[in-house]
Amino acid sequence: MDRLALTQEAVKQLLESGEVEGVLALRASGPSTVLHLYRPGDDLADLALWPKYNAPKIMDLLLQAGPDARLGMVVRGCEERGLIELAKHNQVDLGRIQLIGVACSAEERDGCRCAWPYPSRIDVGEKTEGIADVLVAEHEKLSLEERAAFWQKHFARCIKCYACRTVCPQCFCEVCMLEDKLWVHTGTMTPPFPTYHLIRAYHTVAKCVGCMECEAACPADIPLPVLYALLRRDAEELFGYVPGRSVDELPPLVVETLPQGG
Amino acid sequence: MEYRNVLTTCAYCGCGCGLYLEVLDGKVVGTLAAKNHAISEGKLCVKGWNSHAYIHHADRLSTPQIRDRRGGELREATWDEALDFVARRLNEIKAESGPDAIGFMTSAKCTNEENYLVQKWARAVVGTNNVDHCARL
């Protein structure tokens, strides 16, 4: 069986087990796929695998809507890691979610320039090794002045649509700094450099798992994941922290502010 | 719990970006951009991303309102009453001042077919070329 048929079978079994109220997965719809909560008895023929969406954010929404609900979810590596980060920030209860892990194909991995294209437990598909982000490598070759020019050029094209913030599973603050007029003026374009983009960048540190949803949603094609990948690298080098790797690892902001480093 | 997404077209301007409205237990709670969409390719502007916001908004008008006299207060009305009122006043204004005393505002939010109907109505039924739309304001 191919990955799709195997995923459909796994979702069917989980729904029939009676352990979950529904399973969040992708469904073919019009020109695309979109997230859908399959429930016991549903026809799974339109279940799909690609393109993916910001599934952890939607799972957060569903768990809040049903405080007692137990749900299943088809997850890729980035989505599982996103859930783990959300759990560490008290946004989701992993004990209420049953995961069906899907390994990304080489084609999907290449599309996301993904370093980690598989979940911790693979139920469907075969593991492909991660690759280095070629855009990060190109950025590394730039001088400091060239880097500043690179980002200023990109940020000058921002239309302040807030899509990067809106789609991001790790953006869950009820009060968003990017809507504070002190930092981001209303009624003017483009957003002030560097406050909008750098506030957002700093807020992704030790949280961003590189799911690429911000890049996919950006109408100005700003390579935001490059910036966030560099910050992710710094957090790993300085604190040994990798977002989403383990639910038991405390974020560095917590550890570093505790007495004796925790 | 029921969570599904409904494919639709953004109603904010005439571009025709594709989006999904997220429906949770019968209520529209959010917007997702439609990836692979021929026009918008999974991207939206800030208005598109907030397409869901007005649907259940407390300030949204859910019934027609009529102002009976200039300077008077708006009062709620039925659709029949409102349409009768508009038809009567358009006929009166046309009889008193001619068809060019009337203008028609259409919208980039409407479909081509709806806009076609408005201009047809203006020109063939009322008899004026006074047709304009919100994108020129």
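Residues numbered from 1 in each chain as written. Chains lettered and ligands numbered in written order. Predicted model: local features only at pLDDT ≥ 70, side-chain atom pairs only at ≥ 80, totals over all residues.

J.: Can you help me understand the domain arrangement of chain A in this one?
T.: Where interface size is quoted, it is often the accessible area lost as the parts come together. Residue and element names in this part refer to chain A. For chain A, the assigned domains are domain 1 (3-112) and domain 2 (134-261). Between the C-alpha centres of domain 1 and domain 2 the distance comes to 25 Å. Residue contributions to the side of domain 1 that touches domain 2 peak at eight residues, all from helix 3 (residues 77-88). Each residue belonging to the side of domain 1 that touches domain 2 can be placed in one class, and the counts come to seven nonpolar, three polar and five charged. (Domains from an automatic or database assignment. Helix = DSSP H or I, 4+ residues; strand = E, 2+ residues; numbered from the N terminus. Nonpolar A, V, L, I, M, F, W, Y, C, P; charged D, E, K, R; others polar.)

J.: When you look at the pairing of strand 5 (residues 97-101) of chain A in this model, what are you seeing that I'm missing?
T.: Look at any regular strand and the pattern is simple: side chains alternate between the two faces of the sheet. Residues and elements named next belong to chain A. With five bridges joining them, strand 4 (residues 71-75) and strand 5 adopt parallel strand pairing. Across the sheet, the residue bridging to Met73 is Leu99, located in strand 5. The parallel pair strand 4 and strand 5, bridged by helix 3, forms a crossover whose chirality is right-handed. (Pairing = 2+ DSSP bridges. Right-handed = clockwise from strand over helix to strand, strands pointing away.)

J.: When you look at the nonpolar core in this model, what are you seeing that I'm missing?
T.: The tendency in soluble globular proteins is for nonpolar side chains to be buried side by side. Residue and element names in this part refer to chain A. Judged by nonpolar contacts, the single largest core of 64 residues is most densely connected at Val11, Val23, Leu24, Met59, Leu71, Met73 and Ala163. Among residues more than four places away in sequence, those in contact with Leu24 are Leu35, Leu37, Ala55, Ile58, Met59, Leu62, Leu71 and Met73. Of all hydrophobic cores here, the second largest spans five residues; its members include Cys104, Cys114, Trp116 and Tyr118. (Core = buried A, V, L, I, M, F, W, Y, C linked by C-beta atoms within 7 Å. Buried ≥ 20, exposed ≤ 12 C-beta atoms within 10 Å, placed from the backbone. Contact = placed C-beta atoms within 7 Å.)

J.: What is the right way to read the interface of chain A and chain B from this model?
T.: Across the boundary between the two partners, chain A contributes 26 residues, which contact 23 residues of chain B. At the level of elements, strand 1 (22-29), strand 2 (32-38), helix 2 (55-65), helix 7 (163-167) and helix 9 (213-217) of chain A are the ones that each hand at least two residues to the side of chain A that touches chain B. When residues of the side of chain A that touches chain B are assigned to their parent elements, the largest contribution, five residues, is made by strand 2 of chain A.

J.: Is there a simple way to think about helix 3 of chain A in this case?
T.: Residues that lie three or four places apart on an α-helix share one face, since the helix turns once every 3.6 residues. Residue and element names in this part refer to chain A. With 12 residues, helix 3 should cover 16 Å at 1.5 Å per step; its first-to-last C-alpha distance of 17 Å lies within 8% of that length. When you tally the buried positions in helix 3, you get 11 out of 12 residues, the bulk of the element. The complete set of buried residues in helix 3 reads Gly77, Cys78, Glu79, Glu80, Arg81, Gly82, Leu83, Ile84, Glu85, Leu86 and Lys88. Those residues of helix 3 hidden inside the fold are in contact with helix 2, strand 4 and strand 5. Phi turns positive, to about 60°, at Asn90, one or two residues after helix 3. (Expected span 1.5 Å × (residues − 1).)

J.: Any chance you could explain the packing of helix 2 of chain A against helix 3 of chain A here in plain terms?
T.: Helix-helix packing is characterised by the crossing angle of the two axes and by the distance between the axes. All names here are of chain A. Where helix 2 meets helix 3, the axes come as close as 8 Å, and the angle between the chain directions of the two elements is 45°. It follows that helix 2 is oblique to helix 3 by the angle criterion. Every pair of crossing elements has a handedness; the one defined by helix 2 and helix 3 is right-handed. Residues Ala55, Pro56, Met59 and Asp60 of helix 2 pack against Glu79, Gly82, Leu83 and Leu86 of helix 3. Grouping the constituent residues of the contact of helix 2 with helix 3 by class yields five nonpolar, one polar and two charged. (Axes fitted to C-alpha atoms, helices over the stretch in contact; angles between N-to-C directions. Parallel < 35°, antiparallel > 145°, perpendicular 65-115°, else oblique. Left-handed = near helix turned anticlockwise from the far one by under 90°.)

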